[in-house]
Amino acid sequence: MATPNATAVKFGHPASLIREYRHWLVLARPQQVTLGSLVLVCSNAARAFSQISVRAFEELAQVTADLDAALTRCFQPDKLNYLMLMMVDPDVHFHVLPRYGSAREFAGRSHSDRFWPKPVDLTQPVDADAALSTAVRDALRAAWRKD
C-alpha cells in the first residue's frame, strides 16, 4: 500500500484519506476550494512527474476513473480540473477541483463555484471548514467503487 509522504501529511493524512491505492492516495482537501476538492498524492519518492514509476503511471488510469465516477455520483460536477503545481509541496500530487456552472446543495448548504468559468485561484483565501471536508470525505468514501 501507499506510504504517506510529507505532502500527504500536510493535506491531512490519515484523517482526510478517501481511498488508498498501491501508488496513490486520494485525500479530501482540507480547504474545499470547490465542493469535492481533492488532493491526489503519489507515494513514489519522486519530485517530478517524469520520475514516478511505470506502475504508478499505469495505476493512475484506474485511480482517475474511480475518482471521476465517485465525484459524479456525489456532486455531478460540470468539469474536473487537475492542477499539478508542486511549487510549495514538492512530492508529486494533483489538486483535483470539481467545477460547477451552478450551485450544488450538500450538507445542508448551497455551494457555488466562485471562479466559474475561469481558472481557480488557489492564492485566494478559502475558509478551512473541517466539518465540510469531513462530510465530503465520508460521502466520497461511500460512493467509491468497491473492489
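Everything numeric in this text was worked out from a predicted model, so none of it was measured.

Details of the packing of helix 2 (residues 54-75) against helix 3 (residues 130-143)
Okay, so step 1: The geometry of helix 2 relative to helix 3 is characterised by a closest axis approach of 9 Å and an angle of 115° between their N-to-C directions. Considering how the two elements wind past one another, helix 2 and helix 3 form a crossing that is right-handed. Residues Ala-70, Leu-71, Arg-73, Cys-74 and Phe-75 of helix 2 lie in contact with helix 3, whose contacting residues are Val-136, Ala-139, Leu-140 and Ala-143.

Overview of the layout of surface pockets
Okay, so step 1: Volume-wise, the largest pocket comes out at about 240 Å³.
Okay, so step 2: Contributing to the lining of the largest pocket are 13 residues, with Gln-32, Val-33, Arg-109, His-111 and Leu-132 lying nearest its centre.
Okay, so step 3: Residue contributions to the lining of the largest pocket peak at three residues, all from strand 7 (residues 109-111).
Okay, so step 4: The class makeup of the residues in the lining of the largest pocket is four nonpolar, five polar and four charged.
Okay, so step 5: Here the second largest pocket defines a volume of roughly 180 Å³.
Okay, so step 6: Along its surface, the second largest pocket is lined by Lys-10, Phe-11, Arg-29, Leu-85, Met-86, Met-87, Val-88, Asp-89, His-93, His-95 and Leu-122.
Okay, so step 7: Here the residues of the lining of the second largest pocket are counted per class, giving six nonpolar, two polar and three charged.

Quick notes on the nonpolar core
The tendency in soluble globular proteins is for nonpolar side chains to be buried as a group.
Okay, so step 1: In this structure, Trp-24, Val-26, Leu-38, Leu-40, Leu-67, Phe-75 and Leu-140 are the most contacted members of the largest nonpolar core, which totals 29 residues.
Okay, so step 2: Elements supplying a minimum of two residues to this core: strand 2 (24-28), strand 3 (38-42), helix 2, strand 5 (93-99) and helix 3.
Okay, so step 3: Examining the composition of this core, we find that seven residues originate from one element, helix 2, more than from any other.
Okay, so step 4: Excluding its chain neighbours within four sequence positions, the residues that come into contact with Leu-40 are Trp-24, Leu-25, Val-26, Leu-60, Val-63, Thr-64, Leu-67, Val-92, His-93, Phe-94 and Val-96.
Okay, so step 5: With seven residues, the next largest nonpolar core counts Phe-11, Leu-25, Val-39 and Val-41 among its residues.

As for the packing of aromatic side chains
Okay, so step 1: Using the criterion set out here, one finds five aromatic pairs in the structure.
Okay, so step 2: Each ring, one from Tyr-82 and one from Phe-94, has its centre 6.1 Å from the other, and the planes form 90°; the classification is edge-to-face. Taken together, the residues span a long stretch of sequence, with Tyr-82 in strand 4 (residues 79-83) and Phe-94 in strand 5 at a distance of twelve residues.
Okay, so step 3: Here Tyr-82 falls in the partly exposed class, since its relative accessible area comes to 32%.
Okay, so step 4: A cation over an aromatic ring shows up here: Arg-19 above the ring of Tyr-21, its NZ or CZ 5.5 Å from the ring centre.

About the criteria used
Residues numbered from 1 in each chain as written. Predicted model: local features only at pLDDT ≥ 70, side-chain atom pairs only at ≥ 80, totals over all residues. Heavy atoms only, no water. Axes fitted to C-alpha atoms, helices over the stretch in contact; angles between N-to-C directions. Helix = DSSP H or I, 4+ residues; strand = E, 2+ residues; numbered from the N terminus. Left-handed = near helix turned anticlockwise from the far one by under 90°. Contact = heavy atoms within 4.5 Å. 1 Å grid on protein atoms, 1.4 Å probe; cavity = no way out; pocket = protein on both sides within 12 Å on 5 of 7 lines; lining within 4 Å. Points joined across faces, edges and corners; volume = space filled by probe spheres on them. Nonpolar A, V, L, I, M, F, W, Y, C, P; charged D, E, K, R; others polar. Core = buried A, V, L, I, M, F, W, Y, C linked by side-chain atoms within 4.5 Å. Buried < 20%, exposed > 50% of the residue type's maximum accessible area, 1.4 Å probe, protein only. Phe/Tyr/Trp six-rings, centres within 6.5 Å; stacked < 30°, edge-to-face > 60°. Lys NZ or Arg CZ within 6 Å of the ring centre and 35° of its normal.

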